[in-house]
Amino acid sequence: MWLCVGFFSLQVLNEKKLQEVDSLWKEFETPEKANKIVKLKHFEKFQDTTEALAASTALVEGKLSKNLKKILKKIVAKDAHEQLAVADAKLGGVIKEKLNLSCIHSPMVTELMRGIRSQIEGLITGLPSREMAAMCLGLAHSLSRYKLKFSPDKVDTMIIQAISLLDDLDKELNNYIMRCREWYGWHFPELGKIITDNLAYCKCVRKVGDRSNFASSDVSDILPEEIEEDVKAAAEISMGTEVSEEDINNIIHLCDQVIEISEYRTQLYDYLKNRMMAIAPNLTVMVGELVGARLIAHAGSLLNLAKHPASTVQLLGAEKALFRALKTKRDTPKFGLIYHASLVGQSNAKNKGKISRMLAAKTALTIRYDALGENTSAEMGAENRLKVETRLRLLEERGIRRISGTGKALAKTDKYQNKSEIKVFDPSGDSTLPVVSKKRKIQEVDEQDTEVAVKAKKFKAEMK
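Conventions we followed
Every chain begins its residue count from 1, and numbering advances along the sequence as written. Whole-chain, interface and lining totals are the exception, using all residues; otherwise, since this is a predicted model, local features are given only for residues with pLDDT of at least 70 and side-chain atom pairs are given and counted only at 80 or more. Side-chain descriptors were evaluated using all non-hydrogen atoms of the structure, hydrogens and water having been removed beforehand. A run of H or I in DSSP becomes a helix once it reaches four residues, and a run of E becomes a strand once it reaches two; helices and strands are each numbered from the N terminus. Only protein chains enter the accessibility calculation, which uses a 1.4 Å probe; a residue whose area is less than 20% of its type maximum is buried, one above 50% is exposed, and one in between is partly exposed. In this description, contact between two residues means that some pair of their heavy atoms is separated by no more than 4.5 Å. With residues, only the protein chains shown are counted as cover, and all accessible areas are computed by Shrake-Rupley using a 1.4 Å probe. Axis definition: a line fit to C-alpha positions, over the contact stretch in the case of helices; interaxial angles, taken between N-to-C directions, run 0 to 180 degrees. Should an angle fall under 35 degrees it is taken as roughly parallel, and over 145 as roughly antiparallel, whereas 65 to 115 is taken as roughly perpendicular and any remaining angle as oblique. A clockwise turn of the near helix away from the far one marks a right-handed crossing, whereas an anticlockwise turn of less than a right angle marks a left-handed crossing. Throughout this entry, Asp, Glu, Lys and Arg are counted as charged residues, while Ala, Val, Leu, Ile, Met, Phe, Trp, Tyr, Cys and Pro are counted as nonpolar. The remaining residues, Gly among them, count as polar. Side-chain atoms within 4.5 Å link the members of a nonpolar core, which is a set of buried Ala, Val, Leu, Ile, Met, Phe, Trp, Tyr and Cys residues. Each domain span listed reflects an automatic or database assignment of domains. Ring pairs are drawn from Phe, Tyr and Trp, using the six-membered ring of Trp, whenever the two centres fall within 6.5 Å, and their geometry is named by plane angle: stacked under 30 degrees, edge-to-face over 60, tilted for the rest. We call a charge positioned over a ring when the NZ of a Lys or the CZ of an Arg lies within 6 Å of the ring centre and within 35 degrees of the ring normal. One confidence number per residue, pLDDT, is output by the predictor and ranges from 0 to 100. In protein, a polar contact requires one atom able to donate a hydrogen and another able to accept it; more generally it is a pair of N or O atoms within 3.5 Å, and residues adjacent in sequence count only if both atoms are side-chain atoms. Cysteine sulfur atoms are paired as a disulfide whenever they fall within 2.5 Å. Working rule for helices: expected span equals 1.5 Å times residues minus one. The directions from the helix axis to the C-beta atoms are what the arc is built from. Think of a patch as exposed residues, more than 30% relative accessible area, with no salt bridge, where like charges cluster within 9 Å and nonpolar side chains (Val, Leu, Ile, Met, Phe, Trp, Tyr) cluster within 5 Å. The salt bridge criterion pairs a side-chain nitrogen of Lys or Arg with a carboxyl oxygen of Asp or Glu, the two atoms within 4 Å. In this tally, Lys and Arg are treated as positive and Asp and Glu as negative; His is ignored, and so are the chain termini. For this purpose, a charge sits on NZ of Lys, CZ of Arg, CG of Asp or CD of Glu.

Asks: Can you help me understand the overall build of the protein in this one?
Replies: Counting secondary structure elements, the protein contains 21 helices and four strands. Of all 464 residues assigned to the protein, the portion counted as buried reaches 33%. Considering only contacts within the protein whose residues lie at least 6 apart along the sequence, 62% involve residues at least 24 apart. Accessible surface computed for the protein: about 31,000 Å², of which carbon and sulfur atoms make up 54%.

Asks: Where do I start with the packing of helix H10 (residues 198–208) against helix H12 (residues 245–279) in this structure?
Replies: Running from amino to carboxyl end, H10 crosses H12 at an angle of 140°, the nearest separation of the two axes being 9 Å. As summarised for this structure, H10 and H12 are arranged oblique, according to the angle between their axes. Here H10 runs over H12; the crossing is left-handed. Counting all contacts with H10, which are made through Leu199, Cys202, Lys203, Val205 and Arg206, the residues of H12 involved are Ile251, Ile252, Cys255, Asp256, Val258, Ile259 and Ser262. Here the residues of the contact of H10 with H12 sort into eight nonpolar, one polar and three charged.

Asks: Before we go on, may I ask you to explain the nonpolar core in this structure?
Replies: The tendency in soluble globular proteins is for nonpolar side chains to be buried side by side. With 61 residues, the main nonpolar core has Tyr184 and Leu191 as its most contacted residues. Ranked by residue count, the leading element in this core is H12, at eleven residues. Counting residues domain by domain, this core receives three or more from each of domain 2 (154–271) and domain 3 (280–398). The residues contacting Tyr184, other than those within four sequence positions of it, are Leu191, Tyr201, Val205, Gly209, Asp210, Arg211, Phe214, Ile248 and Ile251. Among the nonpolar cores identified, the runner-up in size contains 17 residues, and Leu24, Ala34, Leu123 and Ile124 belong to it.

Asks: Help me understand the packing of aromatic side chains in this model?
Replies: Within a pair of aromatic rings, the relevant descriptors are the distance that separates the centres and the angle that separates the planes. One pass over the structure, following the stated rule, counts three aromatic pairs. Centre to centre, the rings of Tyr184 and Tyr201 are 6.4 Å apart; their planes meet at 85°, and the pair counts as edge-to-face. Within this pair, whereas Tyr184 is found in helix H8 (residues 156–185), its partner Tyr201 is found in helix H10, the two being separated by 17 residues in sequence. Across this residue pair, the class does not change: Tyr184 and Tyr201 are buried. A centroid spacing of 4.8 Å and a plane angle of 40° characterise the contact between Phe335 and Tyr339, whose relative ring orientation is tilted. One Lys or Arg, Arg181, reaches over the ring of Tyr201 and ends 4.5 Å from the middle of that ring.

Asks: Explain the confidence of the model for the protein here, please?
Replies: It should be kept in mind that the predicted coordinates are not to be read in detail where pLDDT is low. Residues of the protein with pLDDT of at least 70 account for 84%, and the chain-wide mean is 81. In this model residues 407–411 is a low-confidence stretch, pLDDT under 50, and it forms nine contacts with partners more than four residues away in sequence or in other chains.

Asks: For this particular structure, what's the right way to read the side chain of Arg211?
Replies: If you trace the backbone, Arg211 turns up in the loop between H10 and helix H11 (225–236). Within the structure, the side chain of Arg211 is placed 3.0 Å from the backbone oxygen of Gly240, a separation counted as a polar contact. When sequence neighbours within four positions are dropped, the list of residues in contact with Arg211 reads Tyr184, His187, Phe188, Ala235, Ser238, Gly240, Thr241 and Glu242.

Asks: When you look at the state of the cysteines in this model, what are you seeing that I'm missing?
Replies: Two cysteines, two sulfur atoms, one covalent bond between them: this is a disulfide. Counted according to the given criterion, the structure contains zero disulfides. Free cysteine: Cys202, not disulfide-bonded; nearest cysteine sulfur from Cys180 at 4.2 Å.

Asks: Would you take a moment to explain helix H5 (residues 107–118) for this structure?
Replies: Note: α-helices contain 3.6 residues per turn, so residues at a spacing of three or four share the same orientation. In this model H5 runs 17 Å from its N-terminal to its C-terminal C-alpha over twelve residues, within 8% of the 16 Å that 1.5 Å per residue would give. Of the positions making up H5, those classed as buried are Met108, Val109, Leu112, Met113, Gly115 and Ile116. An end-on view of H5 places all buried positions within 165° of arc, on one side of the element. Every exposed residue of H5 that faces more than 90 degrees away from the buried side is listed here: Pro107 and Arg117. Where the residues of H5 are buried, they touch strand E1 (6–12), strand E2 (38–45), strand E3 (84–85), strand E4 (103–104) and helix H6 (120–123).

Asks: I keep staring at a negative patch on the surface and nothing clicks. Help me out?
Replies: Taken together, the side chains of Glu225, Glu226, Glu229 and Asp230 make up a negatively charged region of the molecular surface. Along the chain, Glu229 turns up in helix H11. According to the relative accessible area criterion, Glu229 is partly exposed, its value standing at 48%.

Following this line, the structure appears as C-alpha cells:
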C-alpha cells in the first residue's frame, strides 16, 4: 500500500478471519485487534513532495513507478510464493505482467484495505499524526492541481469557449457588414445589389474608396469580369450622394475591421474542427463539428453530455418549446440543436422527426464512446452514420411502395411495349337513320293491299 509519506507492505497473520467478509470490520475496531490480523513488513518513506506526487499520479493511472518497482522486486526475491493483495485490478495486471507476481483482487481485499486505512496510525509507528496530516493535505493539493492541469476531461472547455466565440463573431460580423452596406449605400447604392458577397463588397470598398475611382481601378482579383463591368457601368450613372474624404476613410476603416474579423473567424473554425476531431471524433462524424460543439457547450462538458439519454440529446436546445408545449397541452417539439445536422436537413418535412430520433439515439452512443472509451478512432461514428443514411433512404423510398399486401415489396411496373394497330374508317357511323333496302318484297306488297281493302269495306259499311 501507499500513503502520503511513503510505500509500505503488510503481512496477513490470520487468513481464516479474512474469509468472513461481512464481519471483517470488527477485527479493525481497535489498533490491538488490527495488529493481530496484519503486521508491518517493509516501509519506505518519500524524500519530498515531488516524489510523492510522481508515485501518486502513476498509481492513479494504473502504472508502476520506479520506487514501487524496487519494493516489489524485493518482495519477489524473498516471498515469491506469496500472493499480493491489490485494491486496483488494473494495477494488479501490470504487476503480474512485469514482475510475474501473483496478485489477488476480491471483495475481501476491499474490506481489508478499508480496515487498514482506518487503523493506519496504529499499524505504522514512528510517524506523528500532525506531520502525517500536513503531508496528506499537501499531497492532496498537488494531486488536484495535476489532475486539473492535465485531465483530458478539461480539454472540452476549449471547445465550449471556441464555439461561443464563433457565435459572437458571427453576430458582430452581421452588424458590421449591415452598417457598412448602409453607410456606403448613401454614396453608391447600386453596388449593394450588384455584389451580394459581403467579404467581396468590403474588399472592393477598401480598395477603391470613392465611386469615381471605379472607372480607373482594377478589381479583377476580387470580382469576376462580368460583375466588374456592371460595377463600372453603375458607378458612372449612380444616384448616390457625394461624401467627403473623411467619411470614405471611416468607411474603409470599418471594412478593414470586417476583413480582419472574417479571417480570424476562418482560423477559429479550423481550430474548432481540429479540436473536435481530437476530443470527440465519432460525434463529429455523426452530426458535424458545429452541432457537436454546440451540444457539448449546452451540456457543460463532454462527460455531462454522455450522461444524457438519447431523448434528451434530441431535445437539447428546445427546452422552452418543450415546457411551453407541456404547459399548454400541445404537441411537443421533435428536435433541438440536432435539427441543424446535415442528415436531418437532407430528409423531407414528413421524415424529419423519425430521422432526428434515430440520429439522437446513435449520437448518444457515439458521445459515450468518445467520453468513456479508450479508442480514439472514428470508425464507430462512420458505421452509425451509414445506418442512419440507409434508414433515411428507406423512408424516402417508402413513397413508391405499394399500399396493398405486406407493404415491403416495391411496386412492380410492366415493361412498356409499343403496339401499333391500323384501324379502317367505318362510314356507317356517319348516319343515324335506320338502313332500309329500296326494293320491297312481294309479301310486303300483298299485305299492304289487303289492309287497304279491309279498311275500304269498313268505311262503306259505316256510310250505309
